[in-house]
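# Chains, contacts and geometry: an overview
Below, each chain spelled out in residue letters.
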Amino acid sequence: MLLQAETQLIATEMRDYPEWHKGRSDYGLWYIEIDQLELIQYLDEIQAQFSGLLLPAQQRQYHITLFVCGFLQPAVKQYDDDFQIQQLQQQIKLIEAIQLIPFELEITQIDSFNSALFLHIQDQQGVLAQIRQQFALVSGEIAALEYCPHITLGLYGEAWPSDRVLQRIQQLPPKTIKIQVKKLTFGYYKAQILQGLLYPYQQIELG
């Protein structure tokens, strides 16, 4: 949910979440890697300006989440949020069949959810919706109901007043940077490590 004025942020606790992962480790998702130096530097600058409000030591690489799949399982599904390797193979076949070519996205304004600071992503050609449609033919997404393409800049460490963030966002000059997308990545992170690294598992080269 987007941050509203005169509310409070939601703080993320620095802890293990066993009630969520139930002892499982590898949480899988499709994403777009951010590897353009100019964009990474810009994201680092914004992150630094909000560093007093964000949780420290975020290791996770900047990325755009495409589709959240769930906990990777080699075979049998035990829980609703498990995702089988066989399902991943089906998704790859569907994406390869539509023969996507490289495409362009654009970052627009800085914004905030209740729990995280982020940058909006604009997809003029509607390619992300097309990709997500293919993935959804194989499995239901484990995620929020409404997809909002974005790059997360950090999670909040305290339940600060929302206006503290919104005022700071308004003071920042808008900047537009184009993102060239040449591949899609399926990867995972370790569920026991908060904001831990993303590990690429499979990649689809476009074009």
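Above this text is the structure in question.
All of these numbers come straight from a predicted model, not from anything done at the bench.

Scoring rules and cut-offs
Residues numbered from 1 in each chain as written. Predicted model: local features only at pLDDT ≥ 70, side-chain atom pairs only at ≥ 80, totals over all residues. Heavy atoms only, no water. Phe/Tyr/Trp six-rings, centres within 6.5 Å; stacked < 30°, edge-to-face > 60°. Helix = DSSP H or I, 4+ residues; strand = E, 2+ residues; numbered from the N terminus. Lys NZ or Arg CZ within 6 Å of the ring centre and 35° of its normal. Buried < 20%, exposed > 50% of the residue type's maximum accessible area, 1.4 Å probe, protein only. Lys, Arg positive; Asp, Glu negative; His and termini not counted. Salt bridge = Lys/Arg side-chain N within 4 Å of Asp/Glu carboxyl O. Polar contact = N/O pair within 3.5 Å; in protein donor to acceptor, adjacent residues only side chain to side chain. Contact = heavy atoms within 4.5 Å. Expected span 1.5 Å × (residues − 1). Arc of directions from axis to C-beta.

## A look at the packing of aromatic side chains
This structure, assessed with the given rule, holds 12 aromatic pairs. Ring centres of Tyr27 and Phe71 lie 4.8 Å apart, and the angle between their planes is 70°; this geometry places the pair in the edge-to-face category. Taken together, the residues Tyr27 in strand S1 (residues 26-33) and Phe71 in strand S2 (residues 63-73) connect sequence positions 44 residues apart. Taken together, the aromatic side chains of Trp30, Phe67, Phe83, Phe135, Phe186, Tyr188, Tyr199 and Tyr201 make up a single cluster linked through ring pairs. Positioned over the ring face of Tyr17 is Arg15, at 4.0 Å from the centre of the ring. Here the basic side chain of Arg132 rests over the ring of Tyr147, its NZ or CZ set 3.8 Å away from the ring centre.

## Some thoughts on the side chain of Arg60
Topologically, Arg60 is positioned in the loop between helix H2 (37-49) and S2. For the buried Arg60, no salt bridge is present, and the opposite-charge side chain at shortest range is Asp26, 11 Å distant. From its side chain, Arg60 meets the backbone oxygen of Gly196 in a polar contact 2.8 Å long. In contact with Arg60, other than residues within four places in its own chain, are Tyr189, Ile193, Gln195, Gly196, Leu197 and Leu198.

## As for helix H3 (residues 85-97)
Along its 13 residues, H3 runs 19 Å from first to last C-alpha, staying within 8% of the 18 Å computed at 1.5 Å per residue. When H3 is considered as a whole, its buried residues turn out to be Ile85, Gln87, Leu88, Gln91, Ile92 and Ile95. Along the long axis of H3, the arc covered by the buried residues comes to 150°, so they all point the same way. In H3, the exposed residues that point more than 90 degrees away from the buried face are Lys93 and Ala97. Where H3 is buried, its residues touch S1, S2, strand S3 (82-84), helix H4 (127-136), strand S8 (183-190) and strand S9 (199-205).

## Considering the environment of Leu9
For Leu9, the location among the structural elements is in the segment before helix H1 (18-21). Looking at Leu9, the relative accessible area reads 3%, which means it is buried. In this structure, the C-alpha to C-alpha distance between Leu9 and Tyr27, residues 18 residues apart in sequence, is 25 Å. Non-local contacts of Leu9, meaning those with residues more than four positions away in its chain, are made with Leu3, Asn114, Tyr156, Glu158, Ala159, Trp160, Ser162 and Val165.

## Comments concerning the pattern of salt bridges
Applying the stated rule across the entire model yields 9 salt bridges. The partner of Lys178 in a salt bridge is Glu104, and the shortest N-O contact between them spans 3.9 Å. You can see Lys178 sitting in strand S7 (residues 177-181) and its partner Glu104 sitting in strand S4 (residues 103-112), a full 74 residues away along the chain. We classify Lys178 as partly exposed; its relative accessible area is 41%. Among the ionic pairs, Glu141 bridges to Arg132, the shortest N-O distance being 2.9 Å. Looking at Arg132, the relative accessible area reads 15%, which means it is buried.

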